[in-house]
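In case you want the letters, here they are:
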Amino acid sequence: MGIFSKFKKGFQKGAEALQGSFSKVLGVKKLDANDMASIEEALYSADFGVETTEEIIQNIHEAFKKDKEFKGQDALHVAREVLRRTLSGAEKSFILPPEDNLQVLCMIGVNGSGKTTTCAKLGHLLKERGDKVLLGACDTFRAAATEQLKAWADRLGLECVFGHHGADSAAVAFDTFSAASARRCNLAIIDTAGRLHVKDNLMDELFKMKRVLSKRDEGAPHHSWLVIDGSTGTNGLEQAKVFNQKFGLTGLVVTKLDGSSKGGVLVSIYRELKLPIYFLGLGESADDLQPFSIEYYLDSILPLAQTLESQ
Ligand code: GDP
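Because the structure is a prediction, the values reported are computed rather than measured.

Chemist: Got a minute to help me understand the site of the ligand in this structure?
Modeler: In the vicinity of the ligand there are 18 residues, among which K115, T116, T117, D258 and E284 approach most closely. Within the side chain of D258, an N or O atom sits 2.7 Å from a nitrogen atom of the ligand. Measuring from an oxygen atom of the ligand, one finds a side-chain N or O atom of E284 at 2.6 Å. Calculation on the ligand without its partners gives an accessible area of 580 Å², and the protein chains cover 81% of this total. In terms of residue class, the shell around the ligand is made up of two nonpolar, ten polar and six charged.

Written out as C-alpha cells, the structure is:
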C-alpha cells in the first residue's frame, strides 16, 4: 500500500465527522449560522485546539464578507489553508550522520502511547534505509516491555540490548550506548518506561538516564521524541508541554491515527511548541510508521471537494 493510501485509510474513521460537516455544506450557495456552528463544532471535536479552530472560523467569516460569491466549498479551502499555515515547518526528514557518529534517540511518553512499538518500527524503517541501528530496552519497569521489544527485534532482524526486569534503566541505556558504539552503529534507540508527566520521581529517572548518556557523549541524547497517542485529545497538548519543559523534546511521533482518533491533536501541539513531527503511527505492523507530510495529512483529514463528494 502506498504512503498516501496509508494516510487515508488511517484517518478514515477518526476524521469522518469532520469531513461530514464540510461535505454537508459543499454545494451550499451561502453559509448560514447553522452551517458555521456545525463546522465549528466539528473542528473543536477534531482536537485542532481553540486557537486554530477560531482562526479557521474567523477566516471563513472574513472571506465570506469580502466575497459575495463565497460558497460552502470555499470554507473547505479556507480551513485547509489555515491548517497548512499552522503546520508550516512541521515536516522534517530524519537524516542521520554516517557511521562512527553515533547518535542516541530517547523515546519518551506516557504508558501505552506506543513507544515500544515505535522503537521497533523506526528501527525497521532505518535499517531498510541502510542505517545501522541498535535498540535499547530500557523500559525495565513494565514487565512485558523488554520481551515485547526483543520479540519485535527478533522478527525484524534488529539487534537489541536489554537488562533484567527491574534493572536500573540508566545502566541499560549506558550498556546500549557502549554496544552501539562498539558495533559502529549510527543510532541507538532507547525505549524508556512510560511515565505520567505529573509524576516527579519517574521524571527523575529520565534525568538520570540523560545524565548517564551525556557522560559518554555530551551531545547525548541527541534526540528526545515524545510519542503521543493521537486519540489523547486536548490532554495531549498538556502532556507535550510538561515533557518538553522538563526534558527538552526535539520531536514528536503521533501514533494510533488509524483508530478512532480524530487526528487534530498534532496541530495544537505544533502550534504551541513548534516541535517537528517526524513520524505518524498508522497501524500495528512494522511498516506502519510513516514520515509526516503536511499535504498527505491535509488530503487525508480534510480532502478536497471532489474526494468528499464521492464519499
Ligand atoms: P508503550 O507502553 O508506550 O511502550 O506502548 P506500546 O508500544 O506497548 O503500545 C501500546 C499498544 O498500542 C500496543 O498494543 C500497540 O500494538 C499499539 N500501537 C502502537 N502504535 C500503534 C499505531 O500506530 N496504531 C495502532 N492501531 N496501534 C498501535
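Chemist: For this particular structure, what's the right way to read the pairing of strand β2 (residues 133–137)?
Modeler: Look at any regular strand and the pattern is simple: side chains alternate between the two faces of the sheet. Of all five residues that make up β2, five are buried, and the element is covered over most of its length. Neither face of β2 is left uncovered, since the one carrying V133, L135 and A137 and the one carrying L134 and G136 both have all their residues buried. With four bridges connecting them, β2 and strand β3 (residues 159–162) associate as parallel partners. When the sheet's bridge partners are listed, L134 is paired in β3 with E159.

Chemist: Explanation requested: the nonpolar core in the structure shown.
Modeler: It is characteristic of soluble globular proteins that their nonpolar side chains tend to be buried jointly. Membership of the largest hydrophobic core comes to 75 residues, with the highest contact counts inside it found for L87, L266, L280 and Y297. Both domain 1 (3–90 + 299–310) and domain 2 (103–292) contribute no fewer than three residues apiece to this core. When sequence neighbours within four positions are dropped, the list of residues in contact with L266 reads L87, V254, L257, I277, L280, F292 and Y297. Grouped together as the second largest cluster of nonpolar side chains are 26 residues, A120, L122, A137 and C160 included.

Chemist: What am I meant to see in the sheet that holds β2 here?
Modeler: Strand pairing in a sheet is mediated by backbone hydrogen bonds. Such pairs are either parallel or antiparallel. In spatial order, the strands read β3-β2-β4-β1-β5-β6-β7-β8; together these eight strands make up an open sheet with mixed pairing. At either margin of the open sheet sits one strand with a lone partner, and together these are β3 and β8 (289–291). Each neighbouring strand pair of the sheet contributes to a mean axis angle of 25 degrees, computed without reference to strand direction. One ladder, built from three bridges, connects strand β7 (residues 277–281) with β8; its direction is antiparallel. Bridged to L280 within β8 is Q290. Packing of helix α1 (residues 3–11) onto the sheet brings it into contact with β7 and β8, and relative to β8 it is tilted by some 115 degrees.

Chemist: Looking at this structure, how should I read helix α2 (residues 16–25)?
Modeler: Every α-helix carries 3.6 residues per turn, so stepping three or four residues along brings you back to the same face. Looking only at α2, the buried set comprises L18, Q19, S21, F22 and V25. Taken end-on, α2 shows its buried residues confined to a sector of 155 degrees, consistent with a single buried face. When the buried face of α2 is taken as reference, the exposed residues oriented beyond 90 degrees from it are E16, A17 and K24.

Chemist: What should I look at first to understand the packing of aromatic side chains in this one?
Modeler: The way to describe two aromatic rings as a pair is by their centre distance and the angle between their planes. Going through the model one piece at a time under the given rule, you end up with seven aromatic pairs. Aromatic pair F64 and F70: ring centres 6.1 Å apart, planes at 75 degrees, arrangement edge-to-face. Since its relative accessible area comes to 28%, F64 is described here as partly exposed. On the basis of relative accessibility, which here comes to 3%, the residue F70 falls in the buried class. Here F94 and Y278 contribute two aromatic rings whose centre-to-centre distance is 5.6 Å and whose plane-to-plane angle is 75 degrees, an arrangement assigned as edge-to-face. A residue pair is termed long-range when its members are at least 10 positions apart, and F94 in the loop between α5 (72–86) and β1 (103–108) and Y278 in strand β7 qualify at 184 residues. Y278 carries the same exposure label as F94, and that label is buried.

Chemist: So what exactly am I meant to see when it comes to the domain arrangement of the protein chain here?
Modeler: It is common to give the size of an interface as the accessible area that goes away when the parts come together. Here the protein chain is described as being made up of domain 1 (3–90 + 299–310) and domain 2 (103–292). Its C-alpha centre places domain 1 at a distance of 32 Å from the equivalent point of domain 2. At the interface, 22 residues of domain 1 touch 25 residues of domain 2. Carbon and sulfur atoms make up 59% of the surface buried where domain 1 meets domain 2, a total of about 2,100 Å² over both sides. Of all residues in domain 1, the largest losses of buried area upon contact with domain 2 belong to K6, D47 and A90, amounting jointly to 28% of the total for that side.

Chemist: Would you mind showing me how to read unusual backbone geometry here?
Modeler: Most peptide bonds adopt trans geometry, and most residues besides glycine take a negative phi value. A cis amide bond, omega -5 degrees, links A220 with the succeeding residue P221. Looking at the element boundaries, P221 is found in the loop between α9 (200–216) and β5 (223–229). Not every positive phi belongs to a glycine, and R184 is a case in point at roughly 55 degrees. Assignment of secondary structure puts R184 in the loop between α8 (169–182) and β4 (187–191). Under the relative-accessibility criterion, R184 is labelled partly exposed at 46%. The backbone of K256 sits at a positive phi, close to 60 degrees, despite the residue not being glycine. Looking at where K256 falls in the secondary structure, it is placed in the loop between β6 (251–255) and α11 (265–273). On the accessibility criterion, K256 (36% relative accessible area) is partly exposed.

Parameters at a glance
Residues numbered from 1 in each chain as written. Predicted model: local features only at pLDDT ≥ 70, side-chain atom pairs only at ≥ 80, totals over all residues. Heavy atoms only, no water. Near = heavy atom within 4 Å. Polar contact = N/O pair within 3.5 Å; in protein donor to acceptor, adjacent residues only side chain to side chain. Areas by Shrake-Rupley, 256 points an atom, 1.4 Å probe, with all protein chains shown as cover. Nonpolar A, V, L, I, M, F, W, Y, C, P; charged D, E, K, R; others polar. Buried < 20%, exposed > 50% of the residue type's maximum accessible area, 1.4 Å probe, protein only. Helix = DSSP H or I, 4+ residues; strand = E, 2+ residues; numbered from the N terminus. Pairing = 2+ DSSP bridges. Core = buried A, V, L, I, M, F, W, Y, C linked by side-chain atoms within 4.5 Å. Domains from an automatic or database assignment. Contact = heavy atoms within 4.5 Å. Axes fitted to C-alpha atoms, helices over the stretch in contact; angles between N-to-C directions. Arc of directions from axis to C-beta. Phe/Tyr/Trp six-rings, centres within 6.5 Å; stacked < 30°, edge-to-face > 60°. Buried area = accessible area lost by both parts, 1.4 Å probe.

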